[in-house]
Amino acid sequence: MSTKAATDSVVPASNSNSIKVLFFARLREKMGFSEVNFALSQAVTVADLQVLLVEQYPHFFDLPQPILVAVNQEFAQPTQLISIGDEVAFFPPVTGG
């Protein structure tokens, strides 16, 4: 999605046309908040949402990489569609031991 098209997907937030975007761990600290309702006028891909987030919150680009993404609590690829009403979570990779 081009920057123009990505920008055209953002509309004023309301419960009927938004998605919930969550940030965890270091990402939450860098963003300065844990969640935001983000308004969309149409379905977008995970990659498109990341472009929209950079446009709205330029410091999103500076977040530690890689970033994992889940849509409705399932891991998502950059090409996965996000629809109005979905929940999208961004979090750093988790290691265990």
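Residues numbered from 1 in each chain as written. Predicted model: local features only at pLDDT ≥ 70, side-chain atom pairs only at ≥ 80, totals over all residues. Heavy atoms only, no water.

Novice: Can you help me understand the environment of Ala43 in this one?
Specialist: Here Ala43 is to be found in the loop between strand 2 (35–39) and strand 3 (44–45). C-alpha of Ala43 to C-alpha of Ile84: the two residues are 41 residues apart in sequence and 6.5 Å apart in space. Ignoring sequence-local partners within four residues, the contact set of Ala43 consists of Leu81, Ile82 and Ser83. (Helix = DSSP H or I, 4+ residues; strand = E, 2+ residues; numbered from the N terminus. Contact = heavy atoms within 4.5 Å.)

Novice: Help me understand helix 3 (residues 46–56) in this model?
Specialist: Along an α-helix, a turn takes 3.6 residues, which lines up residues three or four apart on a common side. Those residues of helix 3 that fall on the buried side of the exposure criterion are Val46, Asp48, Leu49, Leu52 and Leu53. The arc that holds the buried residues of helix 3, viewed along the axis, is 150°, so those residues lie on one side. (Buried < 20%, exposed > 50% of the residue type's maximum accessible area, 1.4 Å probe, protein only. Arc of directions from axis to C-beta.)

Novice: Whenever I open this one, the environment of Pro66 confuses me. Can you help?
Specialist: Examined against the element boundaries, Pro66 turns out to sit in the loop between helix 3 and strand 4 (68–71). Sequence separation between Pro66 and Pro92 is 26 residues, and the spatial gap between their C-alpha atoms is 6.6 Å. Not counting the four nearest positions on each side in its chain, Pro66 is found in contact with Pro92 and Pro93.

Novice: Is there a simple way to think about the packing of aromatic side chains in this case?
Specialist: What characterises a pair of aromatic rings is the spacing of the ring centres plus the angle enclosed by the ring planes. Taken as a whole and assessed by the stated rule, the structure comprises six aromatic pairs. Aromatic side chains Phe23 and Phe33 sit 5.7 Å apart centroid to centroid with 80° between the ring planes, which places their arrangement in the edge-to-face category. Placement of Phe23 in strand 1 (residues 18–23) and of Phe33 in the loop between helix 2 (26–31) and strand 2 is noted, with a sequence separation of ten residues between them. By relative accessible area, which is 23% here, Phe33 ends up partly exposed. Through a chain of ring-to-ring contacts, the aromatic side chains of Phe23, Phe33, Tyr57, Phe60 and Phe90 assemble into a single cluster. (Phe/Tyr/Trp six-rings, centres within 6.5 Å; stacked < 30°, edge-to-face > 60°.)

Novice: How do you make sense of the pairing of strand 7 (residues 87–91) when you look at a structure like this?
Specialist: Looking along a regular strand, one sees side chains alternate from face to face of the sheet. Burial analysis of strand 7 places four of its five residues in the buried class, which makes it a mostly covered element. As defined by bridge partners, strand 1 adjoins strand 7 across four bridges and the pair is classed as parallel. By the bridge assignment, Lys20 is partnered in strand 7 with Glu87. Taken together, the four bridges between strand 4 and strand 7 define a ladder with antiparallel strand orientation. Across the sheet, the residue bridging to Val71 is Val88, located in strand 7. (Pairing = 2+ DSSP bridges.)

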